[in-house]
Amino acid sequence: KDQKAQILFDRMKEMHESGDVKVKPSIQTYNAFFSACALTEGSPERRRAAFSIAIKALLELQKKSNMHADSYTWPAVWKLCENLLDAEKDISWINRVFEYTVKSGAINELLFNNIRRFLPKEYLKKKIKTEKDVYDLTVHDLPSEWTRNVTLGKQSKKNQKKGRRK
């Protein structure tokens, strides 16, 4: 999947750079590319290669001044991690993706659930700086800089009384 997606993605960029204004990669193009790469199957080497080309596209996206990751981008990127990486062996890549995600300030409820499902509990507890079970936390318990660019749902009355927003 990733190889076909890469060919199409590269062709689209080449056509746009050659002056075809009708063919311009958008954030939806990037998101579809990440999702296609996440479906790659095969050996660990094959999956890591797919992950590598997707991360290259993510870095390219982050350099663009006229386009930014949206609420679909980060879940697609974390699906890449979940499907293509080993949470123990590929920790350096996971750290990088985690830092990119936090820096984006785009962790919403869906993304937090995706991250929490994939990452080892102890890893996430250390990042959040808590001793609580990560499955007892809500997005409102995260550092505010992690969620600064998203609109969060209302905090439950139970959590508001506890003053859980940091």
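Note that the coordinates shown come from a computational prediction; the quantities given were computed from them, not determined experimentally.

1. As for the overall build of the chain
- A count of helical and extended segments in the chain gives eight helices and zero strands.
- Listing each helix as α and each strand as β along the chain from the N terminus yields α-α-α-α-α-α-α-α.
- Reported as C-alpha extents along the three principal axes, the dimensions of the chain are approximately 60 × 35 × 20 Å.
- For the chain, buried positions account for 43% of its 166 residues.
- In the chain, once contacts between residues fewer than 6 apart in sequence are set aside, the share between residues at least 24 apart is 63%.
- In the form shown here, the chain has an accessible surface area of approximately 9900 Å², with 52% of it arising from carbon and sulfur atoms.
- Where the 33 positive side-chain charges of the chain centre and where its 21 negative ones centre are 5 Å apart.

2. A word on the packing of aromatic side chains
- Under the counting rule described, the total for this entry stands at nine aromatic pairs.
- Measuring from ring centre to ring centre gives 6.4 Å for Y30 and F34, while their planes differ by 50°; the resulting arrangement is tilted. Here F34 and Y30 lie together in helix α2 (residues 27-38), a separation of four residues that amounts to about one turn.
- The exposure class of Y30 is buried, given its relative accessible area of 0%.
- These aromatic residues form a ring-pair network of at least three members: W78, F98, F118, Y123 and W146.

3. Topic: the side chain of N31
- Inspection of the secondary structure puts N31 in helix α2.
- A distance of 2.7 Å separates polar atoms of two side chains, one belonging to N31 and the other to T73.
- Among residues more than four places away in sequence, those in contact with N31 are D70, Y72, T73 and A76.

4. Observations regarding the nonpolar core
- Of all hydrophobic cores here, the largest spans 46 residues; its most connected members are F34, W78, F98 and L119.
- When residues of this core are traced back to their parent elements, those giving at least two are α1 (2-17), α2, α3 (44-63), α4 (73-84), α5 (91-104), α6 (109-118) and α7 (121-128).
- Beyond its immediate sequence surroundings of up to four residues, F98 is in contact with W78, I115, L119, Y123, L124, K127 and W146.

Parameters at a glance
- Residues numbered from 1 in each chain as written.
- Predicted model: local features only at pLDDT ≥ 70, side-chain atom pairs only at ≥ 80, totals over all residues.
- Heavy atoms only, no water.
- Helix = DSSP H or I, 4+ residues; strand = E, 2+ residues; numbered from the N terminus.
- Buried < 20%, exposed > 50% of the residue type's maximum accessible area, 1.4 Å probe, protein only.
- Contact = heavy atoms within 4.5 Å.
- Areas by Shrake-Rupley, 256 points an atom, 1.4 Å probe, with all protein chains shown as cover.
- Lys, Arg positive; Asp, Glu negative; His and termini not counted.
- Charge placed at Lys NZ, Arg CZ, Asp CG, Glu CD.
- Phe/Tyr/Trp six-rings, centres within 6.5 Å; stacked < 30°, edge-to-face > 60°.
- Polar contact = N/O pair within 3.5 Å; in protein donor to acceptor, adjacent residues only side chain to side chain.
- Core = buried A, V, L, I, M, F, W, Y, C linked by side-chain atoms within 4.5 Å.

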